[in-house]
Amino acid sequence: MTRSCYIHIPFCSHICSYCDFSKMYYNSSWCNRYLDALEKEINSYYKGEELETIYIGGGTPTSLSVEELKRLFTILDQLKRTKDVEFTIECNVENISLEKLKIFLNYGVNRISVGVESTHLNILSFLERPYTKEDILRTISLLKEVGFENINIDLMYAIPGESIEDLEQDLNFFLALDIPHIATYSLMIEEHTKLGNKKIEPISEEVDEEMYQKIHRKLESSDYKHYEISNFGKKGYFSKHNLTYWRNNEYYGFGLGASGFVDGIRYTNTKNFHKYEKEEFRQEEEIMNSNLDMENEIMLGLRTIEGVSKERFQKKFGCDLKDKYEISDLLEKGYLIETKENYYIPFSYWYLSNEIIVRFIGVE
Ligand SMILES: C[S@@+](CC[C@H](N)C(=O)[O-])C[C@H]1O[C@@H](n2cnc3c(N)ncnc32)[C@H](O)[C@@H]1O
Ligand code: SF4
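Cut-off values and rules
- Residues numbered from 1 in each chain as written.
- Chains lettered and ligands numbered in written order.
- Predicted model: local features only at pLDDT ≥ 70, side-chain atom pairs only at ≥ 80, totals over all residues.
- Heavy atoms only, no water.
- Pairing = 2+ DSSP bridges.
- Helix = DSSP H or I, 4+ residues; strand = E, 2+ residues; numbered from the N terminus.
- Axes fitted to C-alpha atoms, helices over the stretch in contact; angles between N-to-C directions.
- Contact = heavy atoms within 4.5 Å.
- Near = heavy atom within 4 Å.
- Polar contact = N/O pair within 3.5 Å; in protein donor to acceptor, adjacent residues only side chain to side chain.
- Areas by Shrake-Rupley, 256 points an atom, 1.4 Å probe, with all protein chains shown as cover.
- Nonpolar A, V, L, I, M, F, W, Y, C, P; charged D, E, K, R; others polar.

Trainee: I tried to follow the sheet that holds strand β8 (residues 181-186) on my own but got confused; where do I start?
Mentor: If you walk across this open sheet you meet the nine strands as β9-β10-β8-β7-β6-β5-β4-β1-β11, and the pairing is mixed. Strand pairing shows two members of the sheet lacking a second neighbour, β9 (225-228) and β11 (252-254), which therefore form its edges. The mean angle between the axes of side-by-side strands here comes to 20 degrees, regardless of whether they run parallel or antiparallel. Relative to β11, helix α1 (residues 28-45) is tilted by about 155 degrees, and along the sheet it contacts β1 (4-9) and β11.

Trainee: Looking at this model, I keep getting lost on the sheet that holds strand β14 (residues 282-287). Mind explaining?
Mentor: Two orientations exist for strands paired in a sheet by backbone hydrogen bonds: parallel and antiparallel. The three strands lie next to each other as β12-β13-β14, forming an open sheet whose pairing is antiparallel. Strands with a single pairing partner mark the edges of an open sheet, and in this sheet they are β12 (259-262) and β14. When strand polarity is set aside, the average angle formed by the axes of neighbouring strands in this sheet is 20 degrees. Of the strand pairs in this sheet, strand β13 (residues 265-269) and β14 are connected by five bridges, and their pairing is antiparallel. Along β14, the bridge assignment pairs Asn 269 with Arg 282.

Trainee: Before we go on, may I ask you to explain the site of ligand 1 in this structure?
Mentor: Residues in contact with ligand 1 amount to 18 residues; listed here are only the nearest, Gly 59, Glu 117, Arg 129, Asp 154 and Met 188. The separation between a nitrogen atom of ligand 1 and a polar side-chain atom of Asn 92 is 3.3 Å. Within the backbone of Met 188, an N or O atom sits 2.9 Å from a nitrogen atom of ligand 1. Out of a free accessible area of 550 Å², ligand 1 has 93% covered by protein chains. Only β6 (111-117), β7 (151-157) and β8 provide two or more residues apiece to the shell around ligand 1. Classifying every residue of the shell around ligand 1 by side-chain character gives seven nonpolar, six polar and five charged.

Following this line, the structure appears as structure tokens:
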């Protein structure tokens with residue numbers, strides 16, 4: 001049963017130097033055409049389930065005008081939801097406003113995610129993100145004043161030129177904001193982005209790992225649980241929507257370039273606006289046979305402190321992970337821990353989790 005839904009809004013008011021997501025410059029005429037197509041996609045595929053989580057991401061949903069946002073929420077009104085639905089929208093510091101936040105509240109949004117990334121002007125300018133530390137402070141105060149308390153902020157690190165001291169200052173600033181969830185992103189230099197085209201070299205593996213460990217120590221000693229490789233939450237504030245992904249549960253993905261997992265099929269939508277507009281929504285579909293599904297269950301589950309649940313694995317696949325994969329060596333060396341309930345990778349090896357997973361299921 002599909003209980004979660006991701007909706008992608010591909011418009012941004014500016015384009016960051018590193019971003020490889022499905023996005024384009026905001027344009028009101030394109031936006032209206034996009035919303036028409038999005039409505040058609042939802043009408044064609046949504047089967048009326050009560051949703052436990054809804055997540056509007058981007059791109060930059062807050063690049064839309066007040067009227068466009070109202071239209072978006074009217075389209076989404078047809079999505080049925082449980083009483084305690086987690087309903088998140090991503091907001092950017094440069095285009096958030098009181099009026100937009102009030103619309104979110106009116107339409108039932110109860111969780112906000114803000115891409116803060118850094119507080120250093122030189123780093124923000126390298127990333128081509130147009131705001132200052134003062135703008136961040138104003139945004140967070142506004143969110144709290146309006147009544148949002150379930151908030152996530154994104155922190156980016158491993159940025160060329162960034163020092164450990166810079167990161168320390170960002171962490172202190174983030175902690176002082178007193179926000180219940182922090183998602184961290186190690187900067188990836190992707191091809192076909194401005195940084196990729198300029199052949200900017202990434203930071204060294206050693207510094208990246210040092211920063212990763214620093215973030216862990218600092219946030220864990222301030223009431224945050226490092227519950228997934230890149231995510232930290234206070235008690236009661238883990239992202240229900242993202243847990244859907246990591247538990248290998250099904251979810252709708254609507255919008256340009258969105259991906260979803262419905263009725264045993266994983267799909268990715270086209271990133272081509274014209275195709276999307278012509279209602280050629282799906283670009284790729286992959287039927288999950290039991291082996292693929294098992295691999296996903298392991299790859300996703302081992303990203304979290306919950307790990308892979310034995311009961312769930314047995315119910316879904318009729319066997320134990322041990323019956324299917326040779327893991328005795330990993331267990332002996334402590335890379336993988338087995339308890340009565342689950343298998344998990346201990347934090348000390350999270351940085352190596354990709355290598356560990358590849359070692360026993362053999363996929364990258
Ligand atoms: C794609 S953005 C969408 C939300 C919003 N537009 C924003 O900029 O915050 C989601 C997160 O992905 C991060 N991100 C995008 N490209 C990245 C990259 N190449 N490396 C690391 N993080 C990246 C962004 O910085 C942001 O925190
Ligand atoms: S990081 Fe966010 S704001 Fe920047 S280009 Fe990507 S989606 Fe747009």
